[in-house]
Amino acid sequence: QVQLVESGGGLVQAGGSLRLSCASSGSIVVDNAMAWYRQAPGKQRELVAQITRGGVPNYADVVRGRFTISRDNAKNTVYLQMNSLKPEDAAVYYCNTIPRLRVGAAESWGQGTQVTVSS
């Protein structure tokens, strides 16, 4: 079964930085456009950033200029560099393919990585 494993989250002060990683089994990152999402308590999961197979990024307005998505196909890993973090960036961050992975009729997600930003 294809797996995506997110890591790199933690507790950081407002204005600080974190770098998230998303590693996959097999060649799932190499073979797909990828995206980072986040979900805060009580809110729907939202798209944060995406990157094409060729490395062209795109960002949600709320993170543009602060977050950078990148990919290392040799390592089958996608990254999210997050700078100038704000308390409202606190959430569980997930990665997924575009379109999203599915197992049968259900979307397949990793466990995510928690980002906490203190003010």
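The structure contained in this document is the topic of the report that follows. Just so it is clear, the model here is predicted, and its values are computed rather than measured. One numbering rule holds for all chains: residues counted from 1, following each sequence as written. Note on the predicted model: pLDDT of at least 70 is required for a residue's local features to be given, and 80 or more for side-chain atom pairs to be given and counted; whole-chain, interface and lining totals, by contrast, use all residues. The basis for every side-chain value is the complete set of non-hydrogen atoms in the structure, without hydrogens or water.

### Focus on the pairing of strand β9 (residues 91-98)
Now for step 1: Three labels apply to residues, based on accessible area from a 1.4 Å probe with only protein chains included: buried if under 20% of the type maximum, exposed if over 50%, partly exposed otherwise in between. Strands here are runs of E lasting at least two residues and helices are runs of H or I lasting at least four, both read from the DSSP assignment and numbered beginning at the N terminus. Counted residue by residue, β9 has 7 buried out of 8 residues, so it is predominantly covered.
Now for step 2: For two strands to be treated as a pair, DSSP must find at least two bridges joining them. Here strand β4 (residues 33-39) runs beside β9; their pairing, made up of 7 bridges, is antiparallel. Within the sheet, the bridge partner assigned to W36 lies in β9 and is C95.
Now for step 3: Bridge analysis of β9 against strand β12 (residues 113-118) gives 3 bridges, and the strand direction is antiparallel. Its bridge partner being in β12, A91 is matched across the sheet by V115.

### Looking at the pattern of salt bridges
Now for step 1: By convention in these notes, a salt bridge is any Lys or Arg side-chain nitrogen within 4 Å of a carboxyl oxygen on Asp or Glu. With the rule as written, the count across this model stands at 6 salt bridges.
Now for step 2: Note that R64 is salt-bridged to D61, the shortest N-O span being 2.4 Å.
Now for step 3: Classification of R64 as partly exposed rests on a relative accessible area of 43%.
Now for step 4: For R66, the salt bridge goes to D89, with nearest N and O atoms at 2.7 Å. On the criterion of sequence distance, the pair formed by R66 in the loop between β6 (57-59) and β7 (67-72) and D89 in the loop between β8 (77-82) and β9 is long-range, its members being 23 residues apart. Assigned by exposure class, R66 and D89 land together as buried.
Now for step 5: Residues joined in a network through salt bridges with shared partners are R38, E46, R66 and D89.

### A closer look at the pairing of strand β3 (residues 18-24)
Now for step 1: With respect to burial, β3 is a largely interior element, 5 of its 7 residues being buried.
Now for step 2: As paired elements, strand β1 (residues 4-7) and β3 share 4 bridges and run antiparallel to each other. Within β3, the residue paired with L4 across the bridge is S24.
Now for step 3: Where β3 lies against β8, 6 bridges are found, and the strand directions are antiparallel. Directly across from S21, in β8, lies its bridge partner Y79.

### Re the sheet that holds strand β5 (residues 46-51)
Now for step 1: The strand order across the open sheet formed by 6 strands is β2-β12-β9-β4-β5-β6, and the pairing between neighbours is mixed. Both outer strands of the open sheet, β2 (10-13) and β6, are each paired with one neighbouring strand and no more. On average, adjacent strands in this sheet sit at an angle of 25 degrees to one another, irrespective of strand direction.
Now for step 2: For β5 and β6, the ladder comprises 3 bridges, and the chain directions are antiparallel. Residue pairing for β6: A49 is matched across the bridge by Y59. Only the contacting stretch of a helix is used when fitting its axis, a line to C-alpha atoms as for every element, and angles between N-to-C directions run 0 to 180 degrees.

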